[in-house]
Amino acid sequence: MTNVDPPESVPEGQETKYRGLYGKCVHHKRQEFPEQSKREILREEIDVQRHHRKLISYSIFPFAQGNPAGYKFITAEPLEELDVPNFDFLLWNLDGSVIFGEAKSSIPDSAATVVNQLQERKEVAENHKEYIEQEYLGSDINHMEFVVSTYVNHGDKIAKEIIESGVEFITWVVDAHSDTLWIRQARPRSFPGNLESDDPDAMLEELDRRHTHDISSLNSELDRVTTSFGQADVLPTSIIVDRLRVVVQSRRVEDRYPCVDRDDIQEYVSNSALNYTEERISEIVDELIESGKRLNFLSEWDDDRAELKIVSNYTAKDDLERALENKWVDWRIEGMKEQLRDECEERIVAELGKQSQLDDF
Amino acid sequence: MHIPEGQYNLKEFCRVIFDSPESVLEGYHGQRIKSFLYLSDDGWGDYLDQHYETENLGEITKFVGEYTNRKGAEQPAKFYVGEYKDDLQMVLTAETEEAIRQALRPVSEHSDSLSPMPIMTEDFQTMNEIVLSSYDDMRISEFKSKRVPSLADARTRPDVDREIEYKGIDGRDRLDEFREEYGVVPTRIQYEHENVSIRIDTSGKFTLETVNQESFNILFELLSEVVVNVLELLDVANQIKFEKREVEPGNLKIQVPEVSSGEIDFDHPVTLMQAESFIRGTKNSDDLNFSFTDVTKQAGSLDFSAQVTDENRGSLFNVSATEESMRIVPKHNCSFPSLVEFYLAVIQMLDGGAKMKLYESQTAA
């Protein structure tokens, strides 16, 4: 650590002392740094992201393959360009009705926090109604509904919380084991406390009304419908490692070198993303390339064969994704260690500062 | 093959071969003809022209590729292709396996308009029955068979996934015996007869060890049996596609997805272990070049999904499977050869009784 340049705030003559203390601090912090468990947490993060993307995919598949009650899938992450809390998908019946959908691949014990978040997103969407009409649909919205989609084992928890809190959200559940999507099955198994009637039949009716769509054909067409993974490839706000899969997908191999052109990525993104503007797609591609370089997953290639090379010891096709994940984990770990160094620097500077003040006396 | 110059249709062409096999096969080490069937689409002819030196002999096209022989010398390999039926091409050759591997296989490997024709296991059984019922004294000298529960019951441990290869002059009896005992059905058979020796397998390759009219008759008779199902498969594969439709319901142009997915229905419940070994199998195969990314897998009842890339053609599709079926959601450049080849991989390595069809959105039972 002796070759570390002390920051300028370190008083003259104290440099050696700084280096010594700093070295000790970093050494100590590094020893205490739980690298293994941090790596595991990051791997889980990748997994969570995958499940989230998959859930979105399952939720919109029926609207890409067909058009239940006239609804089609319009775009993933509406309003994301405005940097406001946004939903995961937007469906529209090309008439006057839209559905905003949020996918939650797991629900925490305190489901109320999720409901608050949903409520916030709903308000944002409602406030941007005109913007959506103008920028996304080109026509008026006269009916808005909101959906939270989750895996089947979390359905009851969230549906109950939603109905108890009185928020108007419809719960969809996806059973990935059987590739099906359900609406009515998501009805909570017990009555929430805030139903207005005491008559069980009326209560049931009210419960049904609250967690099903106004358009009854949508309920019947969507309930226990088979669905599939396959849509929703490009989600601009997910974690970068998940987005960089796009690069793995769009790469080609030249003489055993995996490589990619900007145009390849652009083509992939624009084929996978619906209703993003050209500019937005370009921005997404720029971000992907920049992040790829930052992770040392992509590098400029001074070669006629392609603009960018995928940096990997593997030439084998399947392992590029693993290489990407490893690089991202390494990069995040490096970032955490960087932060340890910054913390040490700050602390030692402060300590030296105190000492120099003492010396002044 | 040395074919005299002329204008042929497929039948006349075959006649030239069996009328004078000595001169046609002169100089060829192996005195046999191999026939390969390919599903095709518009543009396959142009594709051939781009990759081979071609010459028209009437309705037959001769195409010549290069390969490196065992001594390391570059040699030409000659193939002849004719249309058996619309969208179904027959390639005939007398070249060695090595020449075929190097010079013929690439013909379909990267093409969006040609794919090897698979034969469904069930059709293969029908073919076998036809041969055996036409020739009481037809011997089977060699066969390979595998467990397909929908086609055969097994007396011994019916749950075991098994494959049996047999060589012996009494293959005909053993075939039945193994079928009853182990529930296996053939996927490759070598027939032997006084005048006829031919070998057939489910990947659409027919080997005529005896080059005579009888062998060709059998070949054509068997083909006529499978052609309906095979063309139906092509039709299904051609309909599996992803498109974006532009609509203008208001004053903006909006894109909406129009996905037409496929579905492979399994004949018996597939486990995670089988799905994993299928992925490994496609990876280790010399013939296939599929890669799997974004794999999610969970045991219990099967929950498996992945993005599949056909590395040769650059096509992409997603699969998600339950125990009963696998959905195929097309993404990019998803042309029929990728899908047919993937289906062939499924019936050869995962489930011999699997059927590919169009997915229809359905309310689950």
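Before reading on, note that the structure itself is shown above.
Owing to the predicted nature of the structure, the values given are computational and were not obtained by experimental measurement.

1. Side note on the overall build of chain A
- Each helix and strand in chain A was counted, giving 12 helices and 11 strands.
- In terms of C-alpha radius of gyration, chain A reaches 26 Å, well past the compact-globule figure of 21 Å for 361 residues.
- Counting only C-alpha atoms, chain A reaches 85 × 60 × 40 Å along its principal axes.
- For chain A, with 361 residues in total, the buried portion stands at 53%.
- Considering only intrachain contacts with a sequence separation of at least 6, the fraction spanning at least 24 residues in chain A is 65%.
- Of note, chain A has its 43 positive side-chain charges centred 7 Å away from the centre of its 75 negative side-chain charges.

2. Observations concerning the sheet that holds strand β11 (residues 308-310) of chain A
Residues and elements named next belong to chain A.
- Strand order in the open sheet formed by 4 strands is β8-β9-β11-β10, with antiparallel pairing between adjacent strands. If you trace the sheet from one side to the other, it starts and ends with β8 (252-254) and β10 (298-300), each paired once. Each adjacent strand pair in this sheet contributes to an overall mean axis angle of 45 degrees, direction not counted.
- In this structure, β10 lies alongside β11, joined through 3 bridges in antiparallel fashion. By the bridge assignment for β11, Ser299 is matched with Lys309.
- Along the sheet, helix α11 (residues 278-294) makes contact with β10 and β11, crossing β10 at roughly 100 degrees.

3. Points about the state of the cysteines
Residues and elements named next belong to chain A.
- Across all of its chains, the model carries 1 disulfide over all chains by this definition.
- The disulfide partner of Cys25 is Cys344, and the S-S distance across this bridge is 2.1 Å. Where Cys25 bonds to Cys344 through sulfur, the torsion about that S-S bond is close to -80 degrees, and the disulfide is left-handed. Taken as a pair, Cys25 in helix α1 (residues 15-32) and Cys344 in helix α12 (residues 319-360) lie far apart in primary sequence, 319 residues in all.

4. Quick word on the nonpolar core
- If you look at the biggest cluster of nonpolar residues, it comprises 93 residues, and the most contacted ones within it are Met1, Ile17, Leu92, Phe216, Ile264, Phe342 and Met356 of chain B.
- It is helix α7 (residues 213-239) of chain B that contributes the most residues to this core, 13 residues altogether.
- The residues contacting Ile17 of chain B, other than those within four sequence positions of it, are Met1, Ile3, Val24, Ile33, Leu92, Val211 and Phe216 of chain B.
- With 62 residues, the next largest nonpolar core counts Ile99, Leu181, Val260 and Leu274 of chain A among its residues.

5. So, empty space enclosed by the protein
All names here are of chain A.
- Under the definition given, this model contains 5 cavities of 30 Å³ or more.
- Roughly 90 Å³ of volume is contained in the largest cavity.
- What lines the largest cavity is a set of 13 residues, among which Phe73, Ala232, Ser272, Ala273 and Leu274 lie closest to the centre.
- At the level of elements, β1 (72-76) and α10 (262-272) are the ones that each hand at least two residues to the lining of the largest cavity.

6. Remarks on the interface of chain A and chain B
- In this assembly, 49 residues from chain A lie in contact with 50 residues from chain B.
- At the boundary of chain A with chain B, total buried surface from both sides reaches about 4,100 Å², with 46% on carbon and sulfur atoms.
- For the salt bridge of Arg245 of chain A with Asp294 of chain B, the shortest nitrogen-to-oxygen distance reads 2.8 Å.
- At the boundary of chain A and chain B, one finds 22 residue pairs in polar contact (both at pLDDT 80 or more).

7. Comments concerning the pairing of strand β4 (residues 143-151) of chain A
Residue and element names in this part refer to chain A.
- In terms of burial, β4 is a largely internal element, 8 of the 9 residues being buried.
- In terms of strand pairing, strand β3 (residues 97-104) meets β4 through 8 bridges, oriented parallel. Across the sheet, Gly101 pairs through a bridge with Val147, a residue of β4.
- In terms of strand pairing, β4 meets strand β5 (residues 170-175) through 5 bridges, oriented parallel. In the strand pairing of β5, Val147 is matched with Ile170.
- Taking the sense of rotation as the criterion, the β-α-β connection linking β4, helix α5 (residues 155-165) and β5 turns out right-handed.

Rules used throughout
Counting starts from 1 at the beginning of each chain's written sequence and moves along it residue by residue. Going through the entries in the order they are written, you letter the chains from A and number the ligands from 1. For this predicted model, a pLDDT threshold of at least 70 governs which residues receive local features, and a threshold of 80 or more governs which side-chain atom pairs are given and counted, while totals over whole chains, interfaces and linings are taken from all residues. Hydrogen atoms and water are omitted, and side-chain values are computed over all heavy atoms in the structure. Numbered from the N terminus, helices here are DSSP runs of H or I no shorter than four residues, and strands are runs of E no shorter than two. As defined in this context, the radius of gyration uses C-alpha atoms, and a globule is described by 2.2 Å times the residue total to the power 0.38. Burial classes: relative accessible area under 20% of the type maximum marks a residue as buried, over 50% as exposed, and values in between as partly exposed (1.4 Å probe, protein chains only). Whether two residues are in contact is decided by their heavy atoms: any pair within 4.5 Å suffices. Residues scored as charged are limited to Lys and Arg (positive) and Asp and Glu (negative), so that His and the chain ends carry no count. A charged residue contributes its charge at one atom only: NZ of Lys, CZ of Arg, CG of Asp or CD of Glu. Each pair of strands is called paired provided DSSP finds at least two bridges between the two strands. As a rule, the C-alpha atoms of each element are fitted with a line to give its axis, helices using only the stretch in contact, and angles between N-to-C directions run from 0 to 180 degrees. Disulfide: a pair of cysteine sulfur atoms within 2.5 Å of each other. Here, nonpolar core means buried Ala, Val, Leu, Ile, Met, Phe, Trp, Tyr and Cys residues that are tied together by side-chain atoms lying within 4.5 Å of each other. With a 1 Å grid laid over protein atoms only, a set of points is called a cavity when a 1.4 Å probe fits there but cannot get out and a pocket when it is open yet has protein on both sides within 12 Å along at least five of seven lines; lining residues have an atom within 4 Å of a point. Grid points are joined across faces, edges and corners, and a volume is the space filled by probe spheres set on the points. For any pair of parts, buried area is found by adding up, for both, the accessible area (1.4 Å probe) each one loses once the two are put together. Definition used for salt bridges: Asp or Glu carboxyl oxygen within 4 Å of a side-chain nitrogen of Lys or Arg. We define a polar contact as two N or O atoms separated by no more than 3.5 Å, with the added condition that, inside protein, one atom must be a possible hydrogen donor and the other a possible acceptor, whereas residues neighbouring each other in sequence contribute only through side-chain atom pairs. The path from the first strand over the helix to the second decides the hand: if it runs clockwise while the strands point away from the viewer, the crossover is right-handed.

None of the figures reported here should be taken as evidence of function without further support.
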